[in-house]
Amino acid sequence: MLLSKACTGIDDIAEAITLLELNNWDLVAAINGVIPQENGILQSVASQANIYGPHSQAAPAAPPAAPAASSSSSSAFCPALPSRHIVERQPRMLNFRVEYRQRTVEVVIEEGSVVGEIKQILETELQVPVSKMQLKGWKSGDVSDSIVLQSLHLPKNNSLYVLTPDITPTASTSQNSVLQESLNQNFLLVISHREAQRDYNLNFPGSRTIQEVKRNVSDLTNIPVRHQQWEGWPASASDSMTLAASGISYPCHHLGVCRRSSPANTQEPTEECADVHMVSDSEGDDFEDASEFGVDESEMFGMGTSTGCRKAPLMPENTENEVDALLHFTAEFTTRYGECHPVFFIGTLEAASQEAFYGKARDRKLLAIYLHNDESVLGNVFCSQMMCADSIVSYLSQNFITWAWDVTKEANKARLLTMCTRHFGSVVAQTIRTYKTDQFPLLLIVMGKRTSNEVLNVIQGNTTVDELMMRLMGAMEIFTAQQQEDIKDEDEREAREMVKREQDEAYQLSLEADRKKREAQEREQAEQLRLQQIQKEADDEKEAIRLSLEHALPPEPAEEGGEPISKLRIRTPSGEFLVRRFLGSTKLQVLFDFVASKGYPWEDFKLLTTFPRRNVSTWLEFVAHLYPQCPESVTVQIVRGLL
């Protein structure tokens, strides 16, 4: 401590401790922050002008006695230096990152400067008068423009922001564009409930009005809007203003709320809530004389004495039909929070799982199970700000099957746990049991796998729109990676099945062709057998006729006999000759029978004489005396043909 005092010249112990705390109790860093040196190099007096540069005139501003006192006080701890060298203290530069609405300005200034010099630089950059500028973000609280930066013991890098409560955002066209951008920003309101001694961190878009904020806070605190007494709103703000136009601090603004004393109570409001009171005139006029008609205020606003807001349950208790319960849930949810909400799946949890997990891989989705509890203070805020946000509704509708259930009633909660145990296992049911009422609502993100279903994430009610979207997108990335693998496996499986089907079809076609070929062969064989049978029967019949004709022929006459004999030589189609003697009185039919007995029936063949050539088949009878001179020279030719 003595060394640091000797080197820094700080006598106040509290100031030294504050400096150490700012540097995380790093003594070297704290000393260097107060007395920065150029890497410990000893500079000569001759180089003083080069060291200070443009600030050389301000460097020797210290009284001449101060260096002597400092050197004398530190001589007991520091070695003596040669007379031609002195330790030159370099001006320490501080970096400030200053935010003003959508703009960010970087300011670099010496720590010997005053706060007002920062404002003068910002006036040039932001075109905002110094008199209307409030510079916020100092760790020690608000500071005046005449404070020297060195006395604040600041680190090298600092972040500040500018407030201009006296400048209306609609003062110029440029400010209109800034206001339009502010409408899309999210403001964090840290609201302190004085009576309950509890703080709420609520995120609202810049387009939300102060009146809407008060209504949401009414759901959290059970204080009707007309009974709310606020502190922290800008003096120019009204209930109809949006947060972006109200002049509150961005990105965080602190507020306080408590219950205003009732009109019947004549005592003054408590000191902590008496600073600012904002109630719209319309609200006061509407309900000022409600007591004259004997109407209880708690009944008029749906407020109970201890149970809070009376609302119709999202889901009736002990319902037997899940479809009817979910229809009731959707209708009541729409009544409370409007038409813009996720499309809730109407059906059983099993049907929702089938719809999400068991279609084609390209059509599968994640299953989002929304669990609501009316007894949780986060329910209304989560539903109105997160579940009904356009970005969340669109993302859930495109990528999720959303199924909802109300666990406010114990019977409905027990039924849900039974369904979760049946479909997802006891681990999921036990996980839901571990969450307390004030942690609801819950949004379970479930992904289907090949063997079982997996709960990827459980999102609690104390979240923001951006965080909810990030967690949904993170779950979607995991699901997309798994879906790509499933699509690849499914395509490969379908390709294998297609090849198998084609092979089966080709095999069936081959079997059909073989069957037709076999049937054709069988028909051909049967036809051949039939023809062969017919031919055999015809041949047998011909053979029988031939044999009968052969037995019926008269005996061949002898060459020497009393009657004339004619010797016929018959040439067959094959070139052979048949020789036989016939009596001159033999009829022509005997000749035909002889030829037929040799296998040439007269129905198929005809007989021709060689010379003169005549058709013997047309003769009625054959007489030997036609050839008396040369009976042995008569030749008859058998020719195939009809008679």
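Residues numbered from 1 in each chain as written. Predicted model: local features only at pLDDT ≥ 70, side-chain atom pairs only at ≥ 80, totals over all residues. Heavy atoms only, no water.

Labelled according to an unreviewed UniProt entry, the chain appears under the name Fas (TNFRSF6) associated factor 1, originating from Salmo trutta.

Enquirer: Give me the lowdown on the sheet that holds strand 6 (residues 198-205), citing residues and values where you can.
Expert: As summarised here, the arrangement of the four strands in space is 6-5-8-7, forming an open sheet in which the pairing is mixed. Taken across any chain shown, the strands that pair with only one partner, and hence form the sheet edges, are strand 6 and strand 7 (228-231). Looking at each pair of strands side by side, their axes are set apart by 30° on average, direction ignored. Across four bridges, the pairing between strand 7 and strand 8 (residues 252-259) is antiparallel. (Pairing = 2+ DSSP bridges. Helix = DSSP H or I, 4+ residues; strand = E, 2+ residues; numbered from the N terminus. Axes fitted to C-alpha atoms, helices over the stretch in contact; angles between N-to-C directions.)

Enquirer: Tell me about the pattern of salt bridges, residues and numbers included.
Expert: Side chains bearing opposite charge may pair, as long as their charged atoms lie close to each other. Scanning the model with the defined rule gives 22 salt bridges in all. Here glutamate 231 makes a salt bridge to arginine 194, at a shortest N to O gap of 1.7 Å. Here the residue glutamate 231 occupies a position in strand 7, and arginine 194 occupies one in the loop between strand 5 (186-193) and strand 6, the gap between them amounting to 37 residues. By relative accessible area, glutamate 231 is classed as buried at 12%. Close ionic contact of glutamate 550 with arginine 546 constitutes a salt bridge, the shortest N to O distance being 3.2 Å. Of this pair, glutamate 550 and arginine 546 both sit in helix 17 (residues 465-552), separated by four residues, roughly a single helical turn. Judged by its relative accessible area of 38%, glutamate 550 falls in the partly exposed class. A single network of salt bridges, built from pairs that share partners, joins Glu332, Arg336 and Asp374. (Salt bridge = Lys/Arg side-chain N within 4 Å of Asp/Glu carboxyl O. Buried < 20%, exposed > 50% of the residue type's maximum accessible area, 1.4 Å probe, protein only.)

Enquirer: So what's going on with the confidence of the model for the chain? Which residues, and what values?
Expert: On average, residues of the chain score 75 in pLDDT, and 73% of them are at 70 or above. Taken as a whole, residues 36-88 scores under 50 in pLDDT and shows 28 contacts with residues more than four places along the chain or in a different chain. A low-confidence stretch, residues 263-309 stays under pLDDT 50, and its non-local contacts, those more than four residues away or across chains, total 58 contacts. (pLDDT = per-residue confidence, 0-100. Contact = heavy atoms within 4.5 Å.)

Enquirer: Please set out the nonpolar core residue by residue, giving values where relevant.
Expert: Judged by nonpolar contacts, the single largest core of 58 residues is most densely connected at Phe333, Leu367, Trp403 and Leu472. Sequence-distant contacts of leucine 367, defined by excluding residues within four places in its chain, comprise Leu349, Ala352, Ser353, Ala356, Phe357, Phe400, Ile401, Trp403, Phe424, Leu444, Ile445 and Val446. Within the second largest apolar cluster, 21 residues are counted, among which are Val115, Leu126, Leu135 and Leu149. (Core = buried A, V, L, I, M, F, W, Y, C linked by side-chain atoms within 4.5 Å.)

Enquirer: Which residues make up the state of the cysteines, and what values do they have?
Expert: By the definition in use, this model includes zero disulfides. Cysteine cysteine 388 shares no disulfide, and the gap to the nearest cysteine sulfur, in cysteine 340, comes to 6.3 Å. Cysteine 388 gets classed as buried once you look at its relative accessible area, which sits at 11%. (Disulfide = S-S within 2.5 Å.)

Enquirer: Mind laying out the packing of aromatic side chains, listing which residues take part and the relevant values?
Expert: Each aromatic ring pair is summarised here by two numbers: the centre-to-centre distance and the angle between the ring planes. Applying the stated rule across the entire model yields 14 aromatic pairs. Plain terms: the ring middles of phenylalanine 333 and tyrosine 337 are 4.8 Å apart, the flat faces sit at 55° to each other, and that makes the pair tilted. Pair noted here: phenylalanine 333 and tyrosine 337 are both in helix 11 (residues 322-337), with a separation of four residues, about one helical turn. With relative accessibility at 0%, the residue phenylalanine 333 sits in the buried group. (Phe/Tyr/Trp six-rings, centres within 6.5 Å; stacked < 30°, edge-to-face > 60°.)

Enquirer: Now, about the packing of helix 15 (residues 410-424) against helix 16 (residues 426-434): what can you tell me, with residues and values included?
Expert: For the pair helix 15 and helix 16, the least separation of the axes is 6 Å and the interaxial angle reads 145°. For the pair helix 15 and helix 16, the contacting residues are Leu417, Cys420, Thr421 and Phe424 in the first and Ser426, Val428, Ala429, Ile432 and Arg433 in the second. When grouped by side-chain class, the residues that make up the contact of helix 15 with helix 16 number six nonpolar, two polar and one charged. (Nonpolar A, V, L, I, M, F, W, Y, C, P; charged D, E, K, R; others polar.)

Enquirer: Now, about unusual backbone geometry: what can you tell me, with residues and values included?
Expert: A negative phi angle is the norm for most residues apart from glycine, just as the trans form is the norm for most peptide bonds. Residue proline 251 is bonded to the preceding tyrosine 250 through a cis peptide linkage, with omega at 10°. The topology assignment puts proline 251 in the loop between strand 7 and strand 8. Proline 441 follows phenylalanine 440 through a cis peptide bond whose omega is 0°. Secondary-structure assignment places proline 441 in the loop between helix 16 and strand 11 (442-448). At glutamine 127, a position not held by glycine, the phi torsion is positive, near 60°. Structurally, the position occupied by glutamine 127 is in the loop between helix 6 (115-126) and strand 3 (134-136). For asparagine 222, which is not glycine, the phi torsion reads 60° and is therefore positive. Position of asparagine 222 among the secondary structure elements: in the loop between helix 8 (210-221) and strand 7. Exposure remark for asparagine 222: the relative accessible area of 33% places this residue in the partly exposed category.

Enquirer: Go over the packing of helix 14 (residues 390-399) against helix 17, please, and point to the residues and values.
Expert: Running from N to C, helix 14 and helix 17 cross one another at 15°; their axes reach a closest spacing of 10 Å. Regarding the angle of helix 14 to helix 17, the classification is roughly parallel. The two elements helix 14 and helix 17 cross, and the hand of that crossing is left-handed. In this structure, helix 14 contributes Ser391, Ile392, Tyr395, Leu396 and Asn399 to the contact, and helix 17 contributes Val465, Leu468, Met469, Leu472, Met473 and Met476. (Parallel < 35°, antiparallel > 145°, perpendicular 65-115°, else oblique. Left-handed = near helix turned anticlockwise from the far one by under 90°.)

Enquirer: Any chance you could break down the pairing of strand 13 (residues 565-571) for me, citing the residues and the numbers?
Expert: Relative to strand 14 (residues 577-583), strand 13 runs antiparallel, the two sharing seven bridges. Opposite serine 566, over in strand 14, you have phenylalanine 582 as the bridge partner. The turn linking strand 13 back onto strand 14 is made up of five residues, and glycine 575 within it adopts a positive phi angle of 100°.

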